[in-house]
Amino acid sequence: MEQDYKPHEIEKKWQKYWNESRIFQAEPDKREKFFITIPYPYLNGNLHAGHTRTFTIGDVVARHKRMLGYNVLYPMGFHVTGTPIVGLAELIASRDPQTMDVYERLHGIPGDILPTLNTPEKIVDYFKLESEKAMRMIGYSIDWRRKFTTTDPTYKKFIEWQYIRLEEKDLIVKGSHPVKWCPNDNNPVEDHDILHGEEATIVEYTLVKFRHKDIVLPCATLRPETTFGVTNLWVNPKVDYVKARVEKDGYEEFWVVSKEAFRKLTFTDRTVEYIEDVPAKSIIGIKLINPVTEDEIISLPASFVRPENGSGIVMSVPAHAPFDYLALRDLYDADLSEYGITEDLRKIKLISLIKVPEFGEFPAKEIVESMGITSQKDPKAEEATKIVYRREFHGGVLKELTGKYEGHAVSKIKDILTRDFISSNAGETFYEFSEPVVCRCGTPCVVNMVKGQWFLNYSNPEWKAKVYRCLSQMRIIPSEYRVEFENKVDWLKDKACARRKGLGTRLPFDKEWLIESLGDSTIYMSYYIIARFIEKGDIDLEQLTLSFFDYVLLGKGESKAVSEDTGLDPELLDEIRSHFLYWYPVDLRSSGKDLVPNHLLFFLFHHVALFEEENWPQALAVNGFVSLEGQKMSKSKGPILTLESAVSEYGADITRMYILSTAEQTQDADWQKAGIDSARRQIDRFYSFAKDVIESGTRANLSTELKQIDRWMLSRMQKYIRETNIALDSIQTREAIQNSFFLLINDIKWYQRRGGDSLLYYVLDNWVRLMAPFTPHLCEEIWEAMGHEDILSLTQYPLYNEDLIDDGAELAEEMIKGTLNDVEEILKVTKMIPDKVHLYTAPAWKSEVIKCACEMQLEACLEVGTLIKALMANPDMKRFGKDIPKFVQKIIPEFKSGGAERYEIFAGPGLDEQAFLKESVSFLEKEIGCSVEIYSADSPAYDPEKKSRFAEPLRPAIYIEQAKKEE
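First things first, this report covers the structure right here in the doc. (Residues numbered from 1 in each chain as written. Predicted model: local features only at pLDDT ≥ 70, side-chain atom pairs only at ≥ 80, totals over all residues. Heavy atoms only, no water.)

### What to know about helix H25 (residues 776-785)
The element H25 is extensively covered by neighbouring structure, given that eight of its ten residues are classed as buried. Tucked into the core, H25 has its buried residues touching helix H1 (7-21), helix H2 (49-67), helix H20 (652-661), helix H21 (673-696) and helix H24 (760-771). One or two steps after H25, the chain reaches Gly-787, where phi turns positive at roughly 100°. (Buried < 20%, exposed > 50% of the residue type's maximum accessible area, 1.4 Å probe, protein only. Helix = DSSP H or I, 4+ residues; strand = E, 2+ residues; numbered from the N terminus. Contact = heavy atoms within 4.5 Å.)

### Some details on the sheet that holds strand S19 (residues 446-456)
Strand order across the open sheet formed by four strands is S4-S3-S19-S21, with antiparallel pairing between neighbours. Whereas interior strands pair on both sides, the edge strands pair on one side only; in this sheet they are strand S4 (187-188) and strand S21 (495-496). Summarising the sheet, strand S3 (residues 172-182) and S4 pair through two bridges and their orientation is antiparallel. Following the sheet pairing, Trp-181 is matched in S4 by Pro-188. (Pairing = 2+ DSSP bridges.)

### A few points about the environment of Gly-519
Within the fold, Gly-519 resides in the loop between strand S23 (514-515) and helix H14 (524-536). Along the chain, Gly-519 and Gln-857 lie 338 residues apart, while their C-alpha atoms are 60 Å from each other. In this view, Gly-519 contacts Gln-162, Tyr-163 and His-606; residues no more than four positions away in its chain are not counted.

### A look at the state of the cysteines
In the structure shown here, the tally under the stated rule is zero disulfides. Cys-439 takes part in no disulfide bond, and the closest cysteine sulfur to it belongs to Cys-441, at a distance of 3.6 Å. On the basis of relative accessible area, Cys-439 is assigned to the buried category, the value being 3%. (Disulfide = S-S within 2.5 Å.)

### Thoughts on H24
The terminal C-alpha atoms of H24, which comprises twelve residues, lie 16 Å apart, in line with the 16 Å expected from a rise of 1.5 Å per residue. Among the twelve residues of H24, twelve are classified as buried, and the element is accordingly described as predominantly covered. What H24 keeps buried is the set Leu-760, Tyr-761, Tyr-762, Val-763, Leu-764, Asp-765, Asn-766, Trp-767, Val-768, Arg-769, Leu-770 and Met-771. In this fold, the buried residues of H24 make contact with H2, H20, H21, helix H22 (708-729), helix H23 (733-753) and H25. (Expected span 1.5 Å × (residues − 1).)

None of this, on its own, says anything about what the molecule does.
Rendered as structure tokens:
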């Protein structure tokens, strides 16, 4: 091995070997298979640290399973459909300054190449090569024969087949539904198309229609039940309002809304016509009729009303909304004569409509007073609102005031009330984003009620029932995300599946539309199997008929008939079918948590719709995001750390180790330079240790007589092997690296400090295999240097061997380590220079107390009084009757708080404290710097200060003789 660790040289060597040996090209055989997929990357930029984390987790799982003997398929493709790449091409073509800066400076695209990427096709070709290069640089064990892009003509045939079959099952429908919409592109937008507001959802509001003479002032609410408690409306005096004629289903009304709301209404399924501007002042102080209660209410001025929210007019429920209560209270002494308001607003009575266990009649008033909230601007008002709403939603029921709805739970009333309000013309449905959404073209998006649009009918209850059944049979990692998936299925509505603009596949039954970018990314895992044969040249484009896909993916039809239809040999068709049956179902789909409500959900829906139950997905795993020095990364704006730049600077294995060890599963990771530098130092230590062991020439022989420290090292290694395998099975990479590296390296340091050396080669042999999934290049290099001729990536992963566990040796080392720490602490505190250290092991009677306590613990009757009574019944113990109660009272809490296992090992056969300490005397003397004597507290040969009386099992008493100062 080289003197110093040179990551890039080692990594190029082993990547070349893996590529030439084709060891990751998976073909069916007699082994048990493992098919893992991760989201193929979207090619509107270079791969970044977020991809690095998700893809490396997938690679670690693939490598671990491969070393456990599985036949592993880990494929990769490229996602390019939709509008983002089109938008990027347009920005580059127009030399948009921010785009040119970000893609040259942060994505690392050379200045002479970037301007040439001015068409979607050129962008796809460029990033396809760059992404594969980056993934090869970091050492992913991918079967690259199966790669494709989602605009490949052959892939489009596959998508056409999928959508024809879904439409035949009535799972694709045409209708009017709310979609995220870019008015500039005149197209629906999905998450990949969005610049800001990627996590926004479309929220269904109830629009309650308050009336004044011949006009309607509509108010949007998420809680229609609170309409029963409305005392007034809020109107902002500084907002521009308009009057509009609104027609729906042949019924005409005149509405007053903000100008911003009027624009949103034009995208709904209503016919909307502007009539005139309406001064805000003219609608403040007017009397209106609550359409639900028929009560007369007043409109009042409020500066907090935002024109872009809802209709720009807000209904006030001061009994249950802290902000409304505070706003109304603030007006009690205000001069509102300019609005023609002269009445005393104190006479407006709060209306209580919800019974909440934690509150009395008026929850808003109560919480405002109890929290000491002085005004609407008090930050505590927001917290108060959340508390009231949460408690009302989860525990509230409607009061008698609500009529026929009395006794209904707040959490279950929304849909019922909305339906009833619509049927009585008291309200309508209105859709808003949960947060502002901006298209990548820079245009603010709207919720558009699209007519004649094609939708995936995800609200179909039978379809959802299948997904629920699939989820119930699946493994979800981490398990707490199961509820998240079930909730997302529950709330999923019909989803637009086609658009007019962008890259993609034409909807086969309506060629004017393109299938949108999430809709063509659902069952592509099955295409990896077919792509292998397309890559070989076995199949031409025109041979990819409906009958071909029906046969190879669904097993429908006969190979002879399909052969006549496609021109493909029946033997080839049967071979492709056999490959599908071997590899399917997908054993694990591992992805980022941002894809739970879209990609991962649609992955389940489409699989259960098209495939038989035995081919439904088996497991889903979810991981968190990655930020850069505390900042959220963005491909289009920065900051961004590309995979390639990280590997170029630090090396593949250091990058892999760091990104996997910084956070666990769904926790978000933060890439920090200080952290990656630390990872480099740790890897250097690993390399140096391996080099020293290999050059020492020593080899391990477990058949020879082992010292206590050797038995300890063997036992510890087995526990790390066990914990690493358990962690990897649950895809807890941080926990796995903690055990396979950080905790293990500390034990190796202790082993060497204790003079252990005969097992160092054995330790390295296991360690390098444990670390192979995480740092594969370095581990291959060490494995080869150890003299192994087989390739490490295909070698057996270490498996737990219970026979090598030695609890006694581990406990003995714990005692020795603890004793050394105690001595060092005494010397540190007293600043003594020791001449001799005397150690006293526990007397027999204390050992007997421990033994008796262990027996009672097994029988579940261990209590202070019971143990003392049993001990005092023993004639040999009576003479220690004065000391027994004190000792028992000390150890019982230790037993109760988890210390029982240590004492059970101590009480077992073969643990001789004195013998262990005597075997370690030379070590202790070397560490302390003076001679050490060992005695039993039962008969100490030397104990001038009676320290032996403090000796306890597993904690020897200590007496230190100080060195005499020279005269």
